[in-house]
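Working through the structure, step by step
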Amino acid sequence: MLSPKHEFTRRIADYFVTFLNDYNVKFTTACEPLAVGSILWAGKLIPNKSLRSFKTNRDLDGFIPDLTDQMDIKFETYQLKVETLPGRGIFEFSIVYHVETEAFKLKVGDISRINEYGKQASCIYDTFQDLRKFCYCKQQS
């Protein structure tokens, strides 16, 4: 578990809302830009020591491992739960961080909104159904 107050965790959350805002703008200008309200939870997924040291099988059946390798970790996976403003949307997502290039990779399919958006996306409800969970309409009905 990572601290939600850690600088790197904040960097991930900022990247996330930039990603959402860029995604929304591709389709419509009817949505408010989102900002990080709070980071509710953060975690880092890391491979265990045995996986990082696996080199090959020592037997023909593959039951005995050779654990003499030292694998460099080139990618790190993080999971966060973030509240966005306006609208207080709560999202969970997984994101990959490339250690050497310091770049993030996030896919729309790896993002879940876990609270109800109700009428917040009414301006695009019929036209951009895929944006419903990300959009907080500038004009609320």
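Model, not experiment: these values are computed from the prediction. (Residues numbered from 1 in each chain as written. Predicted model: local features only at pLDDT ≥ 70, side-chain atom pairs only at ≥ 80, totals over all residues. Heavy atoms only, no water.)

1. Digging into the packing of aromatic side chains
A ring pair, where both rings are aromatic, is described by two values, the distance of the centres and the angle of the planes. Counting across every chain of the model gives 11 aromatic pairs. Taking 4.1 Å as the distance between ring centres and 5° as the angle between the ring planes, the aromatic pair formed by Phe16 and Phe93 counts as stacked. Highlighted residues: Phe16 in helix H1 (residues 7–27) and Phe93 in strand S5 (residues 89–98), separated in sequence by 77 residues. On the basis of relative accessible area, Phe93 is assigned to the buried category, the value being 2%. Among the aromatic residues, those joined into a cluster by ring pairs are Phe16, Tyr23, Phe27, Phe91, Phe93, Phe128 and Phe134. Of note, Arg132 hangs over the ring of Tyr125, and the distance from its end group to the ring centre comes to 3.6 Å. (Phe/Tyr/Trp six-rings, centres within 6.5 Å; stacked < 30°, edge-to-face > 60°. Helix = DSSP H or I, 4+ residues; strand = E, 2+ residues; numbered from the N terminus. Buried < 20%, exposed > 50% of the residue type's maximum accessible area, 1.4 Å probe, protein only. Lys NZ or Arg CZ within 6 Å of the ring centre and 35° of its normal.)

2. A short note on the nonpolar core
Counting 29 residues, the largest nonpolar core has Ile12, Phe16, Leu20, Leu80, Phe93 and Ile111 as its most contacted members. Only H1, strand S1 (35–45), strand S4 (75–85) and S5 provide two or more residues apiece to this core. Broken down by element, the residue count for this core peaks at eight residues, all from H1. Setting aside anything within four residues of it in sequence, one finds Ile12 in contact with Tyr78, Leu80, Phe93, Ile95 and Phe104. (Core = buried A, V, L, I, M, F, W, Y, C linked by side-chain atoms within 4.5 Å. Contact = heavy atoms within 4.5 Å.)

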